[in-house]
Amino acid sequence: MVPTGTMVGEEAATPRASSLEFLHRIDPLAGAAAFVATSHSRLAAATFLDGRERFWDAVRTGRIEAARDPVGAPAFLFHQGFCGSTLLSRLLEASGALVLREPQCLVDIAAARPRILAGQSATGLGPLLDFALGHLGETADSVVIKPSNWINPLVGDLCVPGRVERALFLTMDRRAFLVAAFRGGRERIEFCIRLAVEIAAALPGGNATLQQAIDAERDPLDRAAHITALLWAMQDALFVRAIAANGWGDEARVEFADLMADPDAATRRAADHLGLGQPDAFSNRAMERHSKAPERAFHPADRVREDALVEQHHGVRFDAALGWLEGVESALGS
């Protein structure tokens, strides 16, 4: 097993000073894990820790072992997608926490979840998650994990009471989710469809309702809107169940609209719920750059115009999809 982006037999790039060993990949079926030599600064600088960016030097492969008692339990920032999670993760860094954005090891577990539950892995799902969280949690004194959407099928497993002490759920209005998905064009719509398939398998009633969404419309874009609306609802159902299971209240949710309207207040509220230190001062710099591409300026007025165009072209399609969703939403998670 090697990290994403590393050729077999490639042990390291040009050596650079590294201060820690980071759990990067997990192969649940083989019972193997890949650790990479890196540093806190490189982890913090990375937008993605899934291999799209090279943030490591040497690679070491080891076995998955029994979980150790973590030095500190990581907090989680779960999200639905397209709702400012990368932005909020950067704002939370002002609290002094190390934010791990989209670590691949959790995606590896999520991808193998059906086979793990079928008994095809060397280790059960619970021990695998404890192994991963133990290593990720000891990366720094205060760690927040901002996972990929691909791990959302694991939300219920991660949020079994006692496993994750603190979690925040960043969500957005269902219509805004549809607009954001279609704003991203074919690539983002296809992502939503693939993710819906993965999440439907992890949610009671999910597969049957997904089939209803597929059968509801013949036009490809109409069908895509139905599936995307269902994706929003399935993720919301997973979040609601996790919040209820742990006795968390309204403080466990932050809405994208609130983050945009008052980023200072939303960030402070998020930091408080996650048990982080409060930032001394709020900087608007993060709001002025694209979160996933900080080298590019972000202009809110441009986004408003883009969203208006999406509504102009697809508004009727969205109306139909959301009307359909109201009739099937109650079956999810039952």
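The structure reproduced in this document is the subject of the present report.

Reading the values: rules and limits
- Residues numbered from 1 in each chain as written.
- Predicted model: local features only at pLDDT ≥ 70, side-chain atom pairs only at ≥ 80, totals over all residues.
- Heavy atoms only, no water.
- Pairing = 2+ DSSP bridges.
- Helix = DSSP H or I, 4+ residues; strand = E, 2+ residues; numbered from the N terminus.
- Axes fitted to C-alpha atoms, helices over the stretch in contact; angles between N-to-C directions.
- Expected span 1.5 Å × (residues − 1).
- Buried < 20%, exposed > 50% of the residue type's maximum accessible area, 1.4 Å probe, protein only.
- Parallel < 35°, antiparallel > 145°, perpendicular 65-115°, else oblique.
- Left-handed = near helix turned anticlockwise from the far one by under 90°.
- Contact = heavy atoms within 4.5 Å.
- Nonpolar A, V, L, I, M, F, W, Y, C, P; charged D, E, K, R; others polar.
- Polar contact = N/O pair within 3.5 Å; in protein donor to acceptor, adjacent residues only side chain to side chain.

### A closer look at the sheet that holds strand β2 (residues 32–38)
Stage number 1. Here we have 3 strands laid out as an open sheet, ordered β1-β2-β3, and antiparallel in their pairing. Lying at the two open borders of the sheet, with one neighbouring strand each, are β1 (20–27) and β3 (59–63). Pairs of neighbouring strands in the sheet enclose a mean axial angle of 30°, with direction left out of account.
Stage number 2. Looking at chain direction, β1 and β2 are connected through 7 bridges and run antiparallel. Looking at β2, one finds that R25 is bridged to A34.

### With respect to helix α4 (residues 125–137)
Stage number 1. Between its first and last C-alpha, α4 extends 18 Å over 13 residues, near the 18 Å set by a 1.5 Å rise per residue.
Stage number 2. Taken across its 13 residues, α4 has 10 buried, putting it largely inside the fold.
Stage number 3. Turning to α4, its buried residues are L125, L128, L129, F131, A132, L133, G134, H135, L136 and G137.

### Let's talk about the packing of helix α9 (residues 220–246) against helix α12 (residues 300–328)
Stage number 1. The geometry of α9 relative to α12 is characterised by a closest axis approach of 9 Å and an angle of 50° between their N-to-C directions. With respect to their mutual orientation, α9 and α12 come out oblique. Relative to α12, the crossing made by α9 is right-handed. The segment α9 lies against α12, with L221, D222, A225, H226, A229, L230, W232 and A233 engaging H314, R317, A320, A321, L322, W324 and L325.
Stage number 2. Considering only residue class, the contact of α9 with α12 consists of 11 nonpolar, 2 polar and 2 charged.

### Concerning the side chain of S148
Stage number 1. Counting through the fold element by element, S148 comes out in the loop between β6 (143–146) and α5 (155–158).
Stage number 2. By relative accessible area, S148 is classed as buried at 7%.
Stage number 3. Within polar-contact distance, the side chain of S148 engages the backbone nitrogen of W150 at 3.0 Å.
Stage number 4. Filtering out sequence-adjacent residues up to four positions away, S148 remains in contact with H79, E102 and V107.

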